[in-house]
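Residue-level listing of the chains:
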Amino acid sequence: MSSLPIELVLSDIKSALSSAPQVILQAPPGAGKSTFLPFIMVRDKWFDGKIIMLEPRRLAAKNIAYYLASLLNEKVGESVGYRMRGETCVGKQSKLEIVTEGVLTRLLQNDPELTGIDLLIFDEFHERNLQGDLGLALALDVQQSLCESLKILIMSATLDNSQLQTQLPEAVMVSSQGRSFPIDFIYQSESNNKRNVISDLVKLTSRAYTEQKGNILLFVAGIQEIKKCQTQLANCLPEDAVIAPLYGALSLSEQQIAINSCPQGKRKVVIATNIAETSLTIEGITVVVDSGFERAMSYQAQSGIGKLQTQRISEASATQRAGRAGRLSAGVCYRLWSQESRLVAQSEPEIKRAELTALMLELLNWGVDCPSAMQFITQPPQAHIDSAKALLTTFGAIDAKGRITKHGQAMSTFGVNPRLAHLLILATRLEIEGICELSCLLVALLESNEKSGDDIDTLLLNPSYPVKQQQSLLLKKLNIKTNKSPLALEYCGLLLAIAFPDRIALARGEGESYQLSSGIGANLRYDSSLLGQKMLVVADLSFSERSVNSVIYKASAISLNILQQHLTHYFQEEKYYIGPFRASKHV
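Quick look at the structure, then.

About the criteria used
Residues numbered from 1 in each chain as written. Predicted model: local features only at pLDDT ≥ 70, side-chain atom pairs only at ≥ 80, totals over all residues. Heavy atoms only, no water. 1 Å grid on protein atoms, 1.4 Å probe; cavity = no way out; pocket = protein on both sides within 12 Å on 5 of 7 lines; lining within 4 Å. Points joined across faces, edges and corners; volume = space filled by probe spheres on them. Helix = DSSP H or I, 4+ residues; strand = E, 2+ residues; numbered from the N terminus. Nonpolar A, V, L, I, M, F, W, Y, C, P; charged D, E, K, R; others polar. Pairing = 2+ DSSP bridges. Axes fitted to C-alpha atoms, helices over the stretch in contact; angles between N-to-C directions. Phe/Tyr/Trp six-rings, centres within 6.5 Å; stacked < 30°, edge-to-face > 60°. Buried < 20%, exposed > 50% of the residue type's maximum accessible area, 1.4 Å probe, protein only. Lys NZ or Arg CZ within 6 Å of the ring centre and 35° of its normal. Contact = heavy atoms within 4.5 Å. Salt bridge = Lys/Arg side-chain N within 4 Å of Asp/Glu carboxyl O.

### What about empty space enclosed by the protein?
Enumeration over the complete set of coordinates arrives at one cavity of 30 Å³ or more. Taken as a whole, the largest cavity encloses approximately 90 Å³ of empty space. Around the largest cavity, the lining comprises 13 residues; the ones closest to its centre are Leu54, Pro56, Asp123, Asn129 and Gly132. Take the lining of the largest cavity: its biggest share by element is three residues, from helix H5 (residues 130–145). Its residues assigned to classes, the lining of the largest cavity comprises four nonpolar, three polar and six charged.

What follows is the structure, encoded as structure tokens:
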């Protein structure tokens, strides 16, 4: 490994960690904070105990682990390992574990004293990930009440640290210079028609390929855009171009095509979302093409549904993206916006715009009934807290006094969305053959967030390997031995109704429009195989930018008879009078 800027402040970091409970390290992209710093900590044995590094993204966590293991001339799982949902590669001698969101929370909940752990590192904290904020709040509580010897290192690249320093007055601040060569910026305004963004991007990338000589990193908003750009670029770039998509759902070997050096005589065009902004080192990039967009979900407490929107990135994100072009030599950044455009300085923290049911369940299990009792860097909106508590009350996870129940404690052990944890537990009480196997497969499918068709019953017939792995882990948690009975697919809708009582949908006429039990309108997509179903249970939906109603992304058909047979408490009888006659109806 060549010399990195972080080397100049290694002694400062080590000194700060020995004298202060928390250290804030600010280091731009390319300084070596995510790779060289933990490598030195392990190699030079800075700590007797274990180091846990929280990495916000699965793709980065795994690739960093492999990279650090190679620097130590070891295999992953020896001195350096990783943990993420459904996949663990850690050995008895591991001194550094790189973990993803949710895993640190489970470690803290299972062992609040963090036995054998000396240091927690929060990498890329500027992303203000919800799980990162929760993990830090729990870690600070542990540090103050259970384990004063625990050290916390918060690392960020482009974060405004004034908020951190206000919340952590005892923290020592260390700054490192980045390693960046000069970057030339070329601006090109997008066309007025927003639907032409992909076409504009492809043209701009082709221009960059023609005008420059290096490998290109193209930033787009989401996976859908990655696939569209990949298809169109394949038709307009020369044969020597290696077009490599990069996102978390790809296999490690597919990711390595994008990350590793390009074959001699070839040029590489990597197409990625903002996962490529930080942590990952993508070999050979000297040109960046930036769409200036990202995909973000914003929760709306009043409706209980999120709104998925494509939005402009922040100035901090744009700086991160451009920095990828100047790591190896002088680079060029093509931007699909005008030089006069102004971006917001920082993106809004996820805790301000996220659905908080999982966070509230974790806090209640921790023994806290209000986020204000914890040292969050940013406090969440009260409306989102109230909405989360209402749903947990519906599930029986908290009692009338707001205390967590035994059912709520059981829900928190699964490490899945609280709705789905509630589903798993109640499925064990249904005397239906094969229902538990189906429930575990269903939860694994929904947790995978794999983007495919919207008919869940069809997706369950051909699950991916990772989904099958997660199903096995869930069955093990429930202590259920599998049998070879056929899946009880006719009860898929019933299981979903347990988890989503507010999303039972009745068709409005013969079209694609539905009304949810919560009162919200929702539409199937025009090509959905579920069109014509009278009743659905919706597992995944969001408001879009182009529709008044929400859009259904995943659902399952259900019959009224099955609901009445198994979930009688979902119905109530109302009596009303029509002249001298009395009638009743089910609601």
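What follows continues from the structure just given.
### Re the sheet that holds strand S10 (residues 215–219)
Backbone-to-backbone hydrogen bonds pair the strands of a sheet. The strands run either parallel or antiparallel. Read across the open sheet, the six strands follow the order S9-S16-S13-S10-S12-S11; overall the sheet is parallel. What marks the edges here is a single partner per strand, and that holds for strand S9 (183–187) and strand S11 (241–246). The sheet shows a mean angle of 20° between the axes of neighbouring strands, direction not considered. In this structure, strand S13 (residues 285–290) lies alongside strand S16 (residues 331–335), joined through four bridges in parallel fashion. When the sheet's bridge partners are listed, Asp290 is paired in S16 with Arg335.

### So, the packing of aromatic side chains
Each pair of aromatic rings is reported with the distance of its centres and the angle of its planes. Applying the stated criterion to the full structure yields three aromatic pairs. Ring geometry for Tyr66 versus Tyr82: centroids 6.4 Å apart, planes at 35°, classification tilted. Of this pair, Tyr66 sits in helix H3 (residues 58–71) while Tyr82 sits in strand S3 (residues 80–84), and the two are 16 residues apart along the sequence. Among the residues examined, Tyr66 registers a relative accessible area of 36% and is labelled partly exposed. Relative accessible area serves as the criterion here: at 3%, Tyr82 is assigned to the buried category. Here the basic side chain of Arg267 rests over the ring of Tyr209, its NZ or CZ set 3.8 Å away from the ring centre.

### Observations regarding unusual backbone geometry
Positive phi, close to 55°, is recorded for Asn73, a residue that is not glycine. Looking at where Asn73 falls in the secondary structure, it is placed in the loop between H3 and S3.

### A closer look at the environment of Gly248
Within the element layout of this structure, Gly248 appears in the loop between S11 and helix H9 (252–259). According to the relative accessible area criterion, Gly248 is partly exposed, its value standing at 47%. Separated by 50 residues in sequence, Gly248 and Ile198 have C-alpha atoms that sit 21 Å apart. If we ignore the near neighbours within four places in the chain, the residues touching Gly248 are Leu59, Gln255 and Ile275.

### Digging into the pattern of salt bridges
In the structure shown here, the tally under the stated rule is 13 salt bridges. Taking the shortest distance from any N to any O, the salt bridge between Arg43 and Asp44 comes out at 2.9 Å. With a relative accessible area of 47%, Arg43 lands in the partly exposed category. Notably, a salt bridge pairs Glu127 with Arg57, separated by 3.1 Å at the nearest N-O pair. In this pair, Glu127 is assigned in the loop between strand S6 (117–122) and H5 and Arg57 in the loop between strand S2 (50–54) and H3, connecting sequence segments 70 residues apart. With a relative accessible area of 22%, Arg57 lands in the partly exposed category.

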